[in-house]
Amino acid sequence: MPIHPVSSGLAFAVTSDFLQSPTTTFAPAGTPAHSVVGLSWLVYGITGGIFLVVGGLLVYALLRFRHRPSSPNADQEPAQVYGSNQIELSWTVIPILITVMLFLATTRVIFSTEHAGKSPEALDVTVIGHQFWWEYRYPKLGIVTANELHVPVSDPKHPTPTYLTMSSADTDHSFWIPRLAGKMDLIPNKVNTMWIDPEVAGLYLGQCAQYCGTQHAKMLLRVYADTPEQFAAWVAHQQQTASQSPDAVEGKAVFEHNACISCHTVAGTVANGRFGPDLTHLASRDTFASGAVPLTRENLRTFVDDPSHFKPGVLMPPMHLNQHDLDLVTSYLVTLK
């Protein structure tokens, strides 16, 4: 049967889009991801071979032994075969050998990624999953931020991997950046670790891979792999307290006289809540609401007025501010760079 050009074109387009997706697993950009995709190709190769062999035998049997009305034995049942030791031995031993090989290959990848030696140049980051946002702490740098993780790019000649120590504040989450590494669960009262070493600077996207509540689908992940210069500049900026713009004094006062400070921290002010994301440098981020909403003045204003507009089920309640105070708080938040 000839292959229709439209069908082949569609298949090529789908495959091309899949491989170019920012969350594809088949464009690895880090050592753990290379190991995972290598194992994936091995599994696809073996299972694809099994599919072709079994499918080929099935097609052969259907064609070779199909019913032929003209055959002199057309009304008789084909000869039955029972108790073939050779066949039974084959379909027992071969699957066992394949299973053992896949087990050993998988174990090798798990040990090579989870028990790799830690470089003295490694960066440590504590990751805490919340409903529904990510908290990132850099204990050696004195930085606390949210939703957008910045790490240095890792030169293979001078590796600077990032080690992530993970836990959860409420329910199970799962940290998964497909192009950098396999996924790792964040579980309350349990500490898990993983590491990433981006080879190329840029933005890597991911998604919480464990259902964690009604906003799980918008529990997005953003990892910025910075050049050494970019990362040094980001660290220096994050280590500063929040800017105190004289144009936002009224908005700051409204912010601090409402329940905002019970949940959010703004370094250098009286706001020291920990239930919600740290807002010290909110305006320097590209997104908010766990990467689900582009950070613009209008989006911030809408979110403060009614968070469920963007994220139904979000734990932050509507602030019920009047329009004047809502404008002032928004003006204050956009100065937090």
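Residues numbered from 1 in each chain as written. Predicted model: local features only at pLDDT ≥ 70, side-chain atom pairs only at ≥ 80, totals over all residues. Heavy atoms only, no water.

A. A look at the packing of helix α2 (residues 31-64) against helix α3 (residues 85-114). Close contact between α2 and α3 brings their axes to 9 Å; oriented N to C, the two are set at 170 degrees. In terms of orientation, α2 and α3 fall into the roughly antiparallel class. Judged by residue contacts, Pro32, Ser35, Val36, Leu39, Leu42, Val43, Ile46 and Ile50 of α2 engage Ile98, Met101, Leu102, Ala105, Thr106, Val109, Ser112 and Thr113 from α3. Split by residue class, the contact of α2 with α3 holds 12 nonpolar, 4 polar and no charged. (Axes fitted to C-alpha atoms, helices over the stretch in contact; angles between N-to-C directions. Helix = DSSP H or I, 4+ residues; strand = E, 2+ residues; numbered from the N terminus. Parallel < 35°, antiparallel > 145°, perpendicular 65-115°, else oblique. Contact = heavy atoms within 4.5 Å. Nonpolar A, V, L, I, M, F, W, Y, C, P; charged D, E, K, R; others polar.)

B. Structural detail: the sheet that holds strand β9 (residues 202-207). Here we have 3 strands laid out as an open sheet, ordered β4-β10-β9, and mixed in their pairing. On the outer flanks of this sheet lie β4 (148-152) and β9, each paired with one strand and no other. Between one strand and the next, the sheet's axes are offset by a mean angle of 25 degrees, whatever the strand orientation. In terms of strand pairing, β9 meets strand β10 (residues 220-226) through 6 bridges, oriented antiparallel. Counterpart to Tyr204 in the pairing with β10 is Val223. (Pairing = 2+ DSSP bridges.)

C. Spotlight on the pattern of salt bridges. Across all of its chains, the model carries 8 salt bridges by this definition. For Arg301, the salt bridge identified is with Asp327, shortest N-O distance 2.6 Å. Placement of the pair is Arg301 in helix α7 (residues 297-305) and Asp327 in helix α8 (residues 323-333), with a sequence separation of 26 residues. Under the relative-accessibility criterion, Arg301 is labelled buried at 19%. We classify Asp327 as partly exposed; its relative accessible area is 32%. One connected set of salt bridges, linked through shared partners, spans Lys118, Asp124 and Lys140. (Salt bridge = Lys/Arg side-chain N within 4 Å of Asp/Glu carboxyl O. Buried < 20%, exposed > 50% of the residue type's maximum accessible area, 1.4 Å probe, protein only.)

D. How the structure looks around a nonpolar patch on the surface. A cluster of nonpolar side chains, namely Ile50, Val53, Val54 and Leu57, defines an oily patch on the protein surface of about 370 Å² accessible area. Relative to the elements of secondary structure, Val53 occurs in helix α2. (Patch = residues over 30% accessible without salt bridge, like charges linked within 9 Å, V, L, I, M, F, W, Y side chains within 5 Å. Areas by Shrake-Rupley, 256 points an atom, 1.4 Å probe, with all protein chains shown as cover.)

E. Inspection of α8 at higher detail. Turning to α8, its buried residues are Leu326, Leu328, Val329, Thr330, Tyr332 and Leu333. Where α8 is buried, its residues contact α5 (249-256) and α7. Structurally, the start of α8 carries an N-cap: the backbone nitrogen of His324 is 3.1 Å from a side-chain oxygen of Asn322. (Polar contact = N/O pair within 3.5 Å; in protein donor to acceptor, adjacent residues only side chain to side chain.)

F. Looking closely at the packing of α5 against α8. The N-to-C vectors of α5 and α8 enclose an angle of 105 degrees; their axes lie 7 Å apart at closest approach. Put simply, α5 runs roughly perpendicular to α8. Mapping the contact onto sequence places Glu250, Gly251, Lys252, Val254 and Phe255 in α5 and Asp325, Leu328, Val329, Tyr332 and Leu333 in α8. Its residues assigned to classes, the contact of α5 with α8 shows 6 nonpolar, 1 polar and 3 charged.

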